[in-house]
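# Examination of the molecular architecture
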Amino acid sequence: VTALYQGISKLKAAEEAEGGGGGAVSNEDKVAQLVGLKSKYANNIAVQTFDVDYYRSLAPELQTRFLKCLDSGRENPDSNMGCYANQPDDYETFRPFFEKALERYHKVDLKVKKHTNDWNFAGVAGLPADGVLDLSKLGLPPLSMRVRTGRNLNRFPLPASMTREDRVKLEQEMGAVFDQLIADPQFGGQYVSITPGHAKHIDDKAYQELVDSNIMFKDMSADPYLKSSGISGDWPYGRGCYMSADKGFNIWVGEEDHLRIMCMQKGVLLNAVFDRLKAAVDVVESKIEGGCARHPDFGVVTSCPTNIGTGMRASVHIALPKLCADGTERKAKEIAKTLGLSVRGKGGEHTPIGKDGTVDISPSARFCISEAEIVTALYQGISKLKAAEEAEGGEQAAAS
């Protein structure tokens, strides 16, 4: 019996060491590593923002919690952002650090600027006189349009610090919300899960088909940044997807944020997909016990500081064959950057462009910009990028 007691003690210690991230690195070792990386990785915002004096000013339990936010950037020093929030209140608890990191990444001065969430188009600069963001007026055919946002529940840790039990419980509790959506003729649809043993579990083949159709998110466990942060932990437990009857409104559960809410459709009116997302977000948030996490100055709380504020990404797929004549999006990216736009492959980041030069474009800003301003910026950006595409054709003709 004594041997059993001693064995339990040692096994528990081993379990705790394993949970510490592959080798139980001490706080002091983490600090030394972060300091050592400063001179080598100038573009790692978390590393460059880390301040030893600030760290030492924290209570011991907060020191450990703070350092965990930086695990991804410390273990993957080639990171750009290099940190993730682990709890809904981390942006306030560690405000001196996160405020500086947000300013560096989003290129804003938070002493003079404050984030405001606003879905109302009234007064938005650059909005057409009739308020309609109609792509056909730019001479474009119906395009694939997608708008998404992230939400995290107040009552749970953020994904980086969730246990398997947390992930499974969150998915189970969201099941009641999805049941209400499914029963509503406005939405309908179904929920599918990849959590082993879940009542709505689907097999690997069905899951991959949804991934290939861009309805479900891909396996996160191979991503080194998400793995180091803890976000991809316990894969595939607590992961699933709600799909409306028309597949135009989806909610991912258990990805980088608790919820990724998105609407998509093929058409010419950006307002339509934007308005549907707003309606969907309002319905979902109204049904969540305890509400979703927000910061009074920083807006919607997201795991990654790059998404905080609106958590929104609005994008379209557009063919730019002349700008992508070399088979890459290089030139399109160069032009888009000056317009405040990001360019990705047709299937998202790190994917190739379409054979006809189709790329995914979206405004880069998420923070200190309103939801309505993001969609308006997308419309303006499409107009300017289309003009650049047409001008590229003229330059090629002149050169030949």
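Structure: see above.
Residues numbered from 1 in each chain as written. Predicted model: local features only at pLDDT ≥ 70, side-chain atom pairs only at ≥ 80, totals over all residues. Heavy atoms only, no water.

## Concerning unusual backbone geometry
With an omega of 5°, the peptide bond between tryptophan 235 and proline 236 qualifies as cis. Summarising the element assignment, proline 236 is placed in the loop between helix 11 (224-229) and strand 3 (240-243). The backbone of asparagine 214 sits at a positive phi, close to 60°, despite the residue not being glycine. Relative to the helices and strands, asparagine 214 resides in the loop between helix 10 (204-212) and helix 11. Non-glycine residue cysteine 368 carries a positive phi angle of around 60°. The residue cysteine 368 is located in the loop between strand 10 (358-363) and helix 14 (371-399) in this model. (Helix = DSSP H or I, 4+ residues; strand = E, 2+ residues; numbered from the N terminus.)

## Description of the nonpolar core
What tends to happen in soluble globular proteins is that the nonpolar side chains get buried as a cluster. Leu135, Phe249, Ile251, Leu259, Leu270, Ile361 and Ile382 are the most contacted members of the largest nonpolar core, which has 58 residues in total. Setting aside residues no more than four positions away along its own chain, leucine 259 makes contact with Thr149, Gly150, Arg151, Leu153, Met174, Ile251, Trp252, Val253, Val284 and Ile288. The next biggest cluster of nonpolar side chains, apart from the first, holds 53 residues, and it includes Leu70, Tyr84, Leu102 and Ile194. (Core = buried A, V, L, I, M, F, W, Y, C linked by side-chain atoms within 4.5 Å. Buried < 20%, exposed > 50% of the residue type's maximum accessible area, 1.4 Å probe, protein only. Contact = heavy atoms within 4.5 Å.)

## Observations concerning helix 5 (residues 60-69)
Within the sequence span of helix 5, burial applies to Gln63, Phe66, Leu67 and Cys69. Down the axis, helix 5 shows its buried residues gathered within 145° of arc, on one side only. Residues of helix 5 that are buried sit in contact with helix 2 (27-37), helix 4 (52-57), helix 6 (71-75), helix 7 (90-93) and helix 8 (95-106). (Arc of directions from axis to C-beta.)

## What about the sheet that holds strand 4 (residues 249-253)?
The strand order 2-3-4-5-1-8-10-9 describes an open sheet built from 8 strands, whose pairing is antiparallel. Strand pairing shows two members of the sheet lacking a second neighbour, strand 2 (190-193) and strand 9 (341-344), which therefore form its edges. The mean angle between the axes of side-by-side strands here comes to 20°, regardless of whether they run parallel or antiparallel. Across 5 bridges, strand 4 lies against strand 5 (residues 259-267) in antiparallel orientation. Following the sheet pairing, valine 253 is matched in strand 5 by leucine 259. Across the face of the sheet, helix 9 (residues 164-183) comes into contact with strand 2, strand 3, strand 4 and strand 5 while running at roughly 170° to strand 4. (Pairing = 2+ DSSP bridges. Axes fitted to C-alpha atoms, helices over the stretch in contact; angles between N-to-C directions.)

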